[in-house]
Amino acid sequence: MTHNKYSIGTFRKDFLSGVIVFLIALPLCLGIAQASHAPLFSGIVAGIVGGIVVGSFSGSHLSVTGPAAGLTAIVLAALGHIETFQMFLCSVMIAGVLQLLFGFLKAGGIANYIPSSVIEGMLAGIGLTIIIKQVPDALGFVNNAAPFMEDADDGFLMNTLALAAHHVQEGALIISVTGLVVLAAWTTKPFKRMQLIPAGLVVVVAGTIINELFVSSASSLALDNTHLVKLPVSESLSGFFAQFTFPDFKGFTNPKVWETGVVIAAVASIETLLCIEATDKLDPMKRYTSTDRELKAQGIGNILSGLLGGLPVTSVIVRSSANVNAGAK
């Protein structure tokens, strides 16, 4: 769509879809940061950089960029091997530089040579890792002295599942089951007319309301602060800027930092290219996105995200498809 065809009606559709994507992206940014054992603010920073910076440089009309669940396992493992989060940010910057280089080398077509089964297997493994790591939160098991399942490399072990089963918080279990039921119901025919409203957003709102009802009724089912996402709230402008984490450039001397940067660049680039391909297929106007330009945009985004203390970003299909379904132009 050329600039001179952009109308007030188009803006209205884009504004509405932008609000819907924001409501989906905000809890995802926080959840991915929490699952990665990274500062929650780093997820917000990554979401802002992905939306504004990558959105400005990208040639895609509909794709949405932000912190991705597909990188959670990589970030989690990296933070276990790299001394500090500040050093890890150097890995994010390295990944960005490599992606920028990929773009200039016109490597955007590489995704066409990767078997879909490899990608599906990788994403399935990442999905299982995320599911395993969320089992304790879903059951309400919190042990700050000895965090449950620092990684999920061992898969489903009966002893860890049994440990979680012996530390069930009924309120958390009710909220978890409600969320799963909503997600399943949203895919059925009776809810077809409501699917403009993303299921993930409904789950977040429903879970919040349920817990607030527990709290207001002074029920023993209410979740206390140990179960809640705690985002720092600044009382002044200086306090807000104090929340930013900046990279420790000594990390560039650490081989683990470079190794992690290469892995992030490879996985983030593949995930982005596949998402761009899928989003272009969903585009009602059948527009084509330059994959090389997209890699450059992602590289710029990751460099800036790392500089400002954010998680690595990729183009993400959940938010992109929600953008399309909401009527974005």
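Here, the structure is the one placed above.
For every chain, the first residue of its written sequence is number 1, and the numbers climb from 1 along that sequence. Residue-level local features of this predicted model are given only where pLDDT is at least 70; pairs of side-chain atoms are given and counted only at 80 or more, and the full residue set underlies all totals for whole chains, interfaces and linings. With hydrogens and water stripped out, all remaining heavy atoms of the structure feed into the side-chain values.

## A short note on the overall build of the protein chain
For the purposes of this entry, the term helix denotes a DSSP run of H or I that reaches at least four residues, the term strand denotes a run of E that reaches at least two, and both are numbered from the N terminus. The number of helices and strands found in the protein chain is 12 helices and 2 strands. Beginning at the N terminus, the succession of helices and strands in the protein chain can be written as α-α-β-α-α-α-α-α-α-α-α-α-β-α. Residue exposure (1.4 Å probe, protein chains only): buried if accessible area is under 20% of the type maximum, exposed if over 50%, otherwise partly exposed. Each of the 329 residues in the protein chain was classed as buried or not, and the buried ones make up 42%. Once local pairs closer than 6 in sequence are excluded, the contacts in the protein chain between residues at least 24 apart make up 79%. Here, Shrake-Rupley sampling with a 1.4 Å probe gives the accessible areas, and only protein chains in the shown set may cover a residue. Surface exposure of the protein chain reaches about 17,400 Å², of which carbon and sulfur atoms provide 67%. We call two residues in contact whenever any of their non-hydrogen atoms come within 4.5 Å of each other.

## Considerations on the nonpolar core
In this structure, L71, V75, L79, I82, F85, F88 and L311 are the most contacted members of the largest nonpolar core, which totals 28 residues. Those elements that provide at least two residues to this core are α1 (8-35), α2 (40-57), α3 (72-81), α4 (85-104) and α10 (255-282). The greatest single-element share of this core, amounting to 8 residues, is contributed by α4. Among residues more than four places away in sequence, those in contact with F85 are A38, P39, S42, L79, T245, G309 and L311. The nonpolar core is taken to be a set of buried Ala, Val, Leu, Ile, Met, Phe, Trp, Tyr and Cys residues, with the residues joined through side-chain atoms within 4.5 Å.

## Considering the environment of P39
Along the chain, the position of P39 falls in the loop between α1 and α2. P39 sits in the partly exposed class, given a relative accessible area of 35%. Sequence spacing of P39 and F244 is 205 residues, and the spatial spacing of their C-alpha atoms is 9.9 Å. Setting aside residues no more than four positions away along its own chain, P39 makes contact with A33 and F85.

## Focus on the packing of aromatic side chains
Side-chain rings of Phe, Tyr and Trp (the six-membered ring for Trp) are treated as a pair once their centres are within 6.5 Å; stacked means planes under 30 degrees apart, edge-to-face means over 60, and tilted covers the remaining angles. Counted by the stated rule, this structure contains 6 aromatic pairs. By the ring-pair criterion, three or more aromatic residues cluster together here, those being F249, F252 and W258.

## Quick notes on the pattern of salt bridges
Any carboxyl oxygen of Asp or Glu that lies within 4 Å of a side-chain nitrogen of Lys or Arg is treated as forming a salt bridge with it. Taken as a whole, this structure holds 2 salt bridges when the rule is applied. As a salt-bridge pair, E277 and K281 come within 3.6 Å of each other at their nearest N and O atoms. You can see E277 and its partner K281 sitting in helix α10, 4 residues apart, about one turn around the helix. On the accessibility criterion, E277 (34% relative accessible area) is partly exposed. Look at K281 and you get exposed, because its relative accessible area is 60%.

## Structural notes on the packing of helix α7 (residues 170-185) against helix α8 (residues 199-216)
Orientation is described by axes fitted as lines to C-alpha atoms, over the contacting stretch for helices, and by angles from 0 to 180 degrees between their N-to-C directions. The interhelical angle for the contact between α7 and α8, taken along N-to-C directions, is 155°, at an axis separation of 9 Å. For the element pair α7 / α8, the angle class is roughly antiparallel. Judged by the twist between their axes, the crossing of α7 over α8 is right-handed. Taking contact as the criterion, the partners of G171, I174, I175, T178, G179, V182 and L183 in α7 are, on α8, A199, G200, V202, V203, G207, I210, N211 and F214. Gly falls in the polar group here, along with every residue not listed as nonpolar (Ala, Val, Leu, Ile, Met, Phe, Trp, Tyr, Cys, Pro) or charged (Asp, Glu, Lys, Arg). Of the residues that constitute the contact of α7 with α8, the class distribution is 9 nonpolar, 6 polar and no charged. Here is the rule for angles: anything less than 35 degrees is roughly parallel, anything more than 145 is roughly antiparallel, 65 through 115 is roughly perpendicular, and the remaining ranges are oblique. Crossing handedness is read from the near helix: turned anticlockwise from the far helix by less than a right angle, it gives a left-handed crossing, and turned clockwise, a right-handed one.

## Here's the deal with a nonpolar patch on the surface
Residues with no salt bridge and a relative accessible area higher than 30% make up the patches, which join like charges within 9 Å and nonpolar side chains (Val, Leu, Ile, Met, Phe, Trp, Tyr) within 5 Å. On the surface, Y6, F11, F15, V19, F22, L23 and L26 cluster together to form a nonpolar patch covering roughly 650 Å² of accessible area. Inspection of the secondary structure puts F22 in helix α1.

## Quick look at the environment of L89
Of note, L89 is situated in helix α4. In this structure the C-alpha to C-alpha distance between L89 and G306, which are 217 residues apart in sequence, comes to 4.8 Å. When sequence neighbours within four positions are dropped, the list of residues in contact with L89 reads T245, F246, P247, G306, G309 and G310.

## Some remarks on the packing of α1 against α2
Running from N to C, α1 and α2 point in directions that differ by 135°, and their axes come no closer than 7 Å. With respect to α2, the element α1 is oriented oblique. In terms of crossing hand, the pair formed by α1 and α2 is right-handed. Only L40, S42, G43, I44 and G47 of α2 make contact with α1, whose side of the interface consists of L26, C29, L30, A33 and Q34.

## Details of α8
Here the expected span of a helix is defined as 1.5 Å times the quantity of residues minus one. With 18 residues, α8 ought to run about 26 Å at 1.5 Å a step, and its terminal C-alpha atoms sit 26 Å apart, in line with that. Every buried residue belonging to α8 is among A199, L201, G207, I210, N211 and F214, and all of these are buried. Residues of α8 that are buried make contact with α1 and α7. Positive backbone phi, at 55°, marks A218, one or two positions downstream of α8.

## Section: unusual backbone geometry
Positive phi, close to 55°, is recorded for A218, a residue that is not glycine. Looking at the secondary structure, you find A218 in the loop between α8 and α9 (237-241). The exposure class of A218 is exposed, given its relative accessible area of 68%. With a phi close to 55°, K286 is a non-glycine residue in the positive phi region. Considering the arrangement of structural elements, one finds K286 in the loop between α10 and α11 (291-308). On the basis of relative accessibility, which here comes to 58%, the residue K286 falls in the exposed class.

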